[in-house]
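Observations on the model geometry
Now for the letters of each chain:
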Amino acid sequence: MGEECSKMFHMYIYTMGTDAYAHAIADILDPTGRFFAQRHRVLTRDSFPRNDSAELKVKHLEGILSCNDDNLVIIDDREDVWNFSENLIRAYPYHFFTPERVEGAVRFVHSRGPTDITVINQPLPKEVEEYESHLLDILQVLRTSHRMFFEQASESPDREPCIVNILNDIRKQVLNGCVICFSGVIATNSCAEESVLWRLAESHGARCRTEMSDDVTHLVCANPNTQKYHTAMARKVCVVQVDWLLHSSWQWCRCLESRYSIDPVQVVPPTRTPLPRIPSKRARQPSPNRRNTKYNNSVTTKYIHTQTNTYTHT
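Rules used throughout
Residues numbered from 1 in each chain as written. Predicted model: local features only at pLDDT ≥ 70, side-chain atom pairs only at ≥ 80, totals over all residues. Heavy atoms only, no water. Helix = DSSP H or I, 4+ residues; strand = E, 2+ residues; numbered from the N terminus. Buried < 20%, exposed > 50% of the residue type's maximum accessible area, 1.4 Å probe, protein only. Pairing = 2+ DSSP bridges. Axes fitted to C-alpha atoms, helices over the stretch in contact; angles between N-to-C directions. Contact = heavy atoms within 4.5 Å. Phe/Tyr/Trp six-rings, centres within 6.5 Å; stacked < 30°, edge-to-face > 60°. Lys NZ or Arg CZ within 6 Å of the ring centre and 35° of its normal. Core = buried A, V, L, I, M, F, W, Y, C linked by side-chain atoms within 4.5 Å. Parallel < 35°, antiparallel > 145°, perpendicular 65-115°, else oblique. Left-handed = near helix turned anticlockwise from the far one by under 90°. Nonpolar A, V, L, I, M, F, W, Y, C, P; charged D, E, K, R; others polar. Arc of directions from axis to C-beta.

1. What to know about the overall build of the protein
Looking only at helices and strands, the protein features 9 helices and 9 strands. Burial statistics for the protein: of 314 residues in total, 49% are counted as buried.

This is the structure:
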C-alpha cells in the first residue's frame, strides 16, 4: 500500500508521541527509508509549539505544511483529535497489544523463558488479514479521490479542485437512499441531531428521523424491547445493530444488513465487534484567495496508519 500511495501522494507520519518514538515507528514501517527518511516527513508533538497540556490532545497542521487545507486528506482512527474534520478518512482501530500478547509479555517478564517472547510476537493471521482488507478499502478511496481531483483539474484549469468536496461526494454515496431511525443508542436527554451517530449517518448520505415515520428504511437498534423495534418489525423495516452503521462508514460501502440483524431472543450488544471485511456537513468551497493557487501533480494526503498515525500529502 505504501508503494502505491507514494506514487500519488506526499506521505507523512503524524503522532502525538515523542520524536524518538515516531522515528522508531518510521524505521519499522519504512526500513529502507524510501518514504519517511527525510526528517520533515515525521511530525510529532515536538514539532508544534504548545501553550498548555490541553493542546496535546488536538492535532493540527497550521504553519507546518505549506499547502492548501482543501487538498489535505487525513487518515486516522480518531475523529475527535481532528475536531471532526471533513478531510478525514476514518480508519478502523488496530490494536497490536491484544490480550494474548499482553499475557505473553507478563509471562516473559516473570519467567524470562525463551518460549514466552514468541507469544508476544506471534502473528494473528485472521486479525492481520482483516486489517489488510480494510487498508485496501482505504486505498481504493484514495485512488478514486486522486483520480477525481485531476479529472476536475483538467476540466476546469482556471479553478483548483477541492478534495473535501470530492471526499464528501464519495462518502454520501455509501448510505444514499437510506432513511434511518435510532432506538436505544442515543441518550434520551441529548439532542439527537447533534449526536455522533446521527452526524455519521448524514455525512454518509442517509436521512435521519427521530420517530418511525412511513419513509424509514432502517432502524438502528440496541435491543428488541422498544416500541420502535416492534413498529419496525410490523412494517417489515430493516432492523440492524449500531455496528452496521459503523462498519459501513469504515468500509465506504453499505454493509449487508443480514449480518447485523437483531436477534429477538439473544441480543448482541453494540460494542466493539471483530472486524469484518472492512470496508457532515455541507460541502465547502475552496477559499477564494486560493482558487488560482498553483498546484503540482499531486493531491495533499495524510496517511495515518491508525496507531502509528501516518499521513500522506499529495
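2. Describing the sheet that holds strand β8 (residues 238-240)
Read from one edge of the open sheet, 4 strands run β6-β5-β7-β8, paired in parallel fashion. Only two strands of the sheet have a single neighbouring strand rather than two, namely β6 (207-209) and β8. Adjacent strand axes in the sheet meet at a mean angle of 30 degrees when their direction is disregarded. Relative to β6, strand β5 (residues 179-183) runs parallel, the two being bridged by 3 bridges. Residue pairing in the sheet places Ile180 in a bridge with Cys208 of β6. Contacts between helix α8 (residues 227-234) and the sheet are confined to β5, β7 (218-221) and β8, with β7 contributing the most and set at about 150 degrees to the helix. Relative to the sheet, helix α9 (residues 242-251) contacts β5, β7 and β8, its axis offset from that of β7 by approximately 105 degrees.

3. Notes on the packing of aromatic side chains
Under the defined criterion, the tally for this structure stands at 5 aromatic pairs. When the centroid spacing of 4.6 Å and the interplanar angle of 80 degrees are considered together, the rings of Tyr92 and Trp250 count as edge-to-face. In this pair, Tyr92 sits in the loop between β4 (88-90) and α3 (99-111) while Trp250 sits in helix α9, placing the two residues 158 residues apart along the sequence. The same class applies to Tyr92 and to Trp250, which are both buried. Positioned above the aromatic ring of Tyr12, the side-chain terminus of Arg41 is 5.1 Å from the ring centre. A cation over an aromatic ring shows up here: Lys59 above the ring of Tyr14, its NZ or CZ 5.4 Å from the ring centre.

4. With respect to the nonpolar core
Most often, soluble globular proteins keep nonpolar side chains buried together rather than apart. Counting residues in hydrophobic clusters, the biggest one holds 54 residues, and the most contacted among them are Ile89, Leu142, Leu175, Ile180, Phe182, Trp244 and Leu245. Elements supplying a minimum of two residues to this core: α1 (2-8), β1 (10-14), α2 (19-29), α5 (125-155), α6 (163-171), β5, α7 (196-203) and α9. Looking at this core, the element that brings in the most residues is α5, giving 9 residues. By size, the runner-up hydrophobic cluster in this structure holds 11 residues, among which are Val179, Leu219, Cys221 and Ile262.

5. Here we look at the pairing of β1
Burial analysis of β1 places 4 of its 5 residues in the buried class, which makes it a mostly covered element. As judged from the 2 bridges shared by β1 and strand β2 (residues 42-43), these two strands associate in the parallel manner. In the sheet register, Ile13 faces β2, and the bridge partner there is Val42.

6. Observations regarding the environment of Ile138
Considering the arrangement of structural elements, one finds Ile138 in helix α5. Spatially, the C-alpha atoms of Ile138 and Ile89 are 7.8 Å apart, while their sequence positions differ by 49 residues. When sequence neighbours within four positions are dropped, the list of residues in contact with Ile138 reads Met1, Ile75, Ile89 and Ala91.

7. As for unusual backbone geometry
The backbone of Lys236 shows a phi angle near 60 degrees, a positive value even though the residue is not glycine. Residue placement: Lys236 occurs in the loop between α8 and β8. Even without glycine at this site, Trp252 takes up a positive phi of about 60 degrees. Tracing the backbone through its elements, the reader meets Trp252 in the loop between α9 and β9 (310-313).

8. Looking at the packing of α7 against α9
Look at α7 against α9: their axes get within 10 Å of each other, and the N-to-C directions meet at 45 degrees. Considering the angle they form, α7 stands oblique to α9. As α7 packs across α9, the resulting crossing turns out to be left-handed. Taken together, the residues of α9 that come into contact with α7 (itself represented by Leu197, Leu200 and Ala201) are Val242, Leu245, Leu246 and Ser249. Here the residues of the contact of α7 with α9 sort into 6 nonpolar, 1 polar and no charged.

9. A short note on α8
All of the buried residues along α8 are Tyr229, Thr231 and Ala232. Projection of α8 onto a plane perpendicular to its axis shows the buried side chains occupying an angular sector of 165 degrees, all on one side. Facing away from the buried side of α8 by over 90 degrees, the exposed positions are Gln227 and Ala234. The secondary structure elements touched by the buried residues of α8 are β7 and β8. Of the residues flanking the end of α8, it is Lys236, one or two places downstream, whose phi is positive at about 60 degrees.

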